[in-house]
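So you can see what is in the structure, the chains are spelled out below.
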Amino acid sequence: MRYVPLIALAVAAIGTAAAQTLSYNIPGTGQDRCFGAAGQIACPEPGTPFAGADGTPPRRALAYRAHGDGTVTDLVTGLTWAEAPSAPVTFEEAARLATESRLGGHGDWRMPSIRELYSLIDYRGGFTGDPATSRPYIDTSVFRFAYGGGTGLGDASAGRRPIDVQKWTTTRYLGRTVGGSETVFGVNFADGRIKGYPLMDPANRMRTPNRLAVRLVRGPAYGANDFRATAETVLDAATGLEWQRTDDGIARSWQAALAHCAALRLGGHADWRLPDAKELHSIVDYGRIPAIDPVFRLADPAAYVWASTTHLESPPPAGRPRPFTAVGELAVYFAFGPALGRMEVPPGSGNWRWVDAHGAGAQRSDPKTARPGDWPQGFGPQGDDIRGHNHVRCVRRAG
């Protein structure tokens, strides 16, 4: 039986004791360094630039216990996971696999929801384009992980790339993505993102079912909110987080977003901050478009909203378009409206347009210093929309 270090268990125990009445415990992001606009910095003190960036102590724990039987328990959420994912299967096969599994002697395995699966993401990860120098966005001391086939950052049509290791969840998208595809949200632990993946295989022009792996889960229901609104704030009694109810509709740089929350005085409180990736994900509502409960007032239904978490992806190789040049220059955001990409639809038609590439509720990342209009053609194989300035919804820990 493998265990996490005692110090991690101690931190987890402290966090559990402090949150023992919570029904929706959110693990930390794993980020254990602080980053400014252009790379790693000393963790900032309150009142200084980049105060509130993810990685600033005190940090919430990631803590696991491996049981030696192919299963791993998350000591924060109480969920137990398959140590290894399945081989790539269709969505229907994944559901059947869960029903039939007797892993660890248990018969109550299920496919995870997007909230359950994203609870495992670890933002100490980073992808360089080469698996040999990359670190997965999941704790590989307890979970098994392998990159996909292929080399480099080539187009998906050329074969499976190292980052093609997306995982199914049960969370379906209410809308449609590229080509009107029926879509299910999944997590990619190679590149640290949530995207909507079509049920039919885009590489085969939607003629055969898409195949992704699944990591099975069992345990208590996880991820239900308990919102209680006032005129200015929304308390989620399930997570213990209090949220700004109405955002101001202003798109800001990442640094300005951090500063805005640090300066906010709302509801008689002065301890507001920019939420980290997992905190922000806790209010993404995949049963709606825009993907947020109407108890919140969203100034722009198409908003992308910053998290305080830095996305430690390395720049693409020389000779390719480069929206950033160093590790630590990207920050996580969630798309509450459609996650747009500029794509040729259909392929080979010469008809380039903005489409909903990844679904409302997708999690991607933007360069921290990009300005609106810097990337009019988008970036990457799916032409991800780079806005540079995104919206802000501040949070504080209640109690």
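Refer to the structure above for everything that follows.
So, how was this worked out
Residues numbered from 1 in each chain as written. Predicted model: local features only at pLDDT ≥ 70, side-chain atom pairs only at ≥ 80, totals over all residues. Heavy atoms only, no water. Helix = DSSP H or I, 4+ residues; strand = E, 2+ residues; numbered from the N terminus. Rg over C-alpha atoms; globule rule 2.2 N^0.38 Å. Contact = heavy atoms within 4.5 Å. Phe/Tyr/Trp six-rings, centres within 6.5 Å; stacked < 30°, edge-to-face > 60°. Buried < 20%, exposed > 50% of the residue type's maximum accessible area, 1.4 Å probe, protein only. Lys NZ or Arg CZ within 6 Å of the ring centre and 35° of its normal. Polar contact = N/O pair within 3.5 Å; in protein donor to acceptor, adjacent residues only side chain to side chain. Disulfide = S-S within 2.5 Å. Pairing = 2+ DSSP bridges. Axes fitted to C-alpha atoms, helices over the stretch in contact; angles between N-to-C directions. Salt bridge = Lys/Arg side-chain N within 4 Å of Asp/Glu carboxyl O.

**Q** Looking at this model, I keep getting lost on the overall build of the chain. Mind explaining?
**A** Helix and strand content of the chain: 5 helices and 19 strands. A compact globule built from 399 residues should have a C-alpha radius of gyration of about 21 Å, and the chain, at 20 Å, falls within 12% of that. Structurally, the chain occupies a C-alpha span of about 55 × 55 × 40 Å along its principal axes. Long-range contacts, defined here as pairs at least 24 residues apart, represent 67% of the contacts in the chain between residues at least 6 apart.

**Q** I would appreciate a short explanation of the environment of alanine 51 in the present structure.
**A** Relative to the elements of secondary structure, alanine 51 occurs in the loop between strand E3 (40-41) and strand E4 (64-66). Sequence separation between alanine 51 and leucine 258 is 207 residues; the distance between their C-alpha atoms is 6.8 Å.

**Q** Looking at this structure, I do not really get the packing of aromatic side chains. What am I missing?
**A** The description of an aromatic ring pair uses the distance of the two centres, along with the angle that the planes make with each other. As enumerated under the stated definition, the model contains 13 aromatic pairs in all. With a centroid separation of 5.7 Å and an interplanar angle of 70°, the aromatic rings of tyrosine 123 and tyrosine 137 are classed as edge-to-face. Placement of tyrosine 123 in the loop between helix H3 (114-118) and strand E7 (167-172) and of tyrosine 137 in the loop between H3 and E7 is noted, with a sequence separation of 14 residues between them. The exposure class assigned to tyrosine 137 is buried, which follows from its relative accessible area of 0%. Through pairs of rings, three or more aromatic residues link up here, namely Phe127, Phe145 and Tyr147. Between the NZ or CZ atom of lysine 368 and the centre of the ring of tryptophan 254, over which it lies, the distance is 4.0 Å.

**Q** Help me out: how do you make sense of the side chain of arginine 218 in this one?
**A** Its location among the elements puts arginine 218 in strand E10 (residues 217-218). Residue classification places arginine 218 among the buried residues on the basis of a relative accessible area of 17%. Within the structure, the side chain of arginine 218 is placed 3.5 Å from the side chain of histidine 106, a separation counted as a polar contact.

**Q** Help me understand the state of the cysteines in this model?
**A** Two cysteines form a disulfide when their sulfur atoms are joined by a covalent bond. Going through the model one piece at a time under the given rule, you end up with 2 disulfides. The disulfide that involves cysteine 34 links it to cysteine 43, with 2.1 Å between the sulfurs. Between cysteine 34 and cysteine 43, the disulfide has an S-S torsion of 90° and is therefore right-handed. Shown here is the disulfide that connects cysteine 261 with cysteine 394, its sulfur atoms set 2.1 Å apart. Residues cysteine 261 and cysteine 394 are joined by a disulfide whose S-S torsion is about -85°; by sign, that bridge is left-handed. Here cysteine 261, found in helix H4 (residues 254-263), pairs with cysteine 394, found in the loop between strand E18 (363-367) and strand E19 (395-397); they are 133 residues apart in sequence, far enough to count as distant. Accessibility assignment for this pair places cysteine 261 and cysteine 394 in one class, buried.

**Q** Any chance you could explain the sheet that holds strand E13 (residues 241-244) here in plain terms?
**A** By way of backbone hydrogen bonds, the strands of a sheet pair with one another, either parallel or antiparallel. In space, the 4 strands of this open sheet follow the order E11-E12-E13-E19, with antiparallel pairing throughout. Looking along the sheet, the strands with just one partner apiece sit at the ends: strand E11 (227-229) and E19. In this sheet, adjacent strand axes meet at a mean angle of 25° when their direction is disregarded.

**Q** Whenever I open this one, the pattern of salt bridges confuses me. Can you help?
**A** Here the idea is simple: oppositely charged side chains can pair when their charged atoms come close. If you walk through the whole model with that rule in mind, you get 22 salt bridges. Between glutamate 93 and arginine 211 there is a salt bridge, with the nearest N and O atoms lying 3.0 Å from each other. Separated by 118 residues along the polypeptide, glutamate 93 in helix H2 (residues 91-100) and arginine 211 in the loop between strand E9 (193-198) and E10 bring together distant segments of the chain. Look at glutamate 93 and you get partly exposed, because its relative accessible area is 24%.

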